[in-house]
Every structure is written in structure tokens, then in C-alpha cells.
Amino acid sequence: MRKLMVSALLAFGFVLSVGAAPAQAATLRNVYYYDWDCHRVGNLGITEGWWTSYQCVPQHGYWFLYA
């Protein structure tokens, strides 16, 4: 009985997590050494119409451009 209950709870949690996904998730576009370079390309993407918003996220000494 306990195994069945644990399985049901895990399945229910998975269904909730899938339903909570954003409508349009940001995609990793590139990785940069410098924050200014990441923002330069992020702004260029907005100017050129490649994406409507972007975010530069620092991780492990690099900058990840998500748009």
C-alpha cells in the first residue's frame, strides 16, 4: 500500500510540474566571457527583432544569454 501511495504522489507531482511550465521559456542563445558583450548581443537581438527580451545570467565565470 505504501509503495502505491508513493507512486501516486510522485505521478501527481510530475503532472503539476509539467502544467506549471511557462508558455514561452527562454532559450540559451550563447555564452560570453564578459557581461558587456552579453548585453551588447542581447540588445542587438531586440533591435534586429530576433527576440523581444533577454537575460544575461552569470555562472562559473561566464555570462549566459537567454532570450
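Structure's up top.
How each quantity is defined
- Sequence order as written defines the numbering, with residues in each chain counted from 1.
- In keeping with the model being predicted, local features are shown solely for residues with a pLDDT of at least 70 and side-chain atom pairs are shown and tallied solely at 80 or more, while totals for entire chains, interfaces and linings include all residues.
- Remark: hydrogens and water are excluded; side-chain values derive from all non-hydrogen atoms of the structure.
- When two rings of Phe, Tyr or Trp (its six-membered ring) have centres within 6.5 Å they constitute a pair, described as stacked for plane angles under 30 degrees, edge-to-face for angles over 60, and tilted for the intermediate range.
- Numbering of helices and strands starts at the N terminus; helices are DSSP runs of H or I of at least 4 residues and strands are runs of E of at least 2.
- The cut-offs for exposure are 20% and 50% of the maximum accessible area for each residue type, with area from a 1.4 Å probe on protein chains only; residues under the lower value are buried, those over the upper are exposed, and the others partly exposed.
- By disulfide we mean two sulfur atoms from cysteines, separated by a distance within 2.5 Å.

## Quick word on the packing of aromatic side chains
Turning to step 1, where the next piece is worked out: This structure, assessed with the given rule, holds 3 aromatic pairs.
Turning to step 2, where the next piece is worked out: With a centroid separation of 5.5 Å and 45° between ring planes, the pair formed by Tyr33 and Tyr62 is classed as tilted. Of the two residues, Tyr33 sits in the loop between strand 1 (28-32) and helix 2 (35-48) while Tyr62 sits in strand 3 (residues 62-66), which places them 29 residues apart along the sequence.
Turning to step 3, where the next piece is worked out: Judged by relative accessible area, Tyr33 falls into the exposed class, the value being 60%.
Turning to step 4, where the next piece is worked out: Look at Tyr62 and you get partly exposed, because its relative accessible area is 37%.

## Here we look at the state of the cysteines
Turning to step 1, where the next piece is worked out: Tallied over the full model, the rule gives 1 disulfide.
Turning to step 2, where the next piece is worked out: Across the disulfide from Cys38 sits Cys56; the S-S distance is 2.1 Å. When the S-S torsion is -100°, as for the bridge of Cys38 with Cys56, the disulfide is left-handed. Within this pair, whereas Cys38 is found in helix 2, its partner Cys56 is found in strand 2 (residues 55-59), the two being separated by 18 residues in sequence. With respect to burial, Cys38 and Cys56 carry one shared label: buried.

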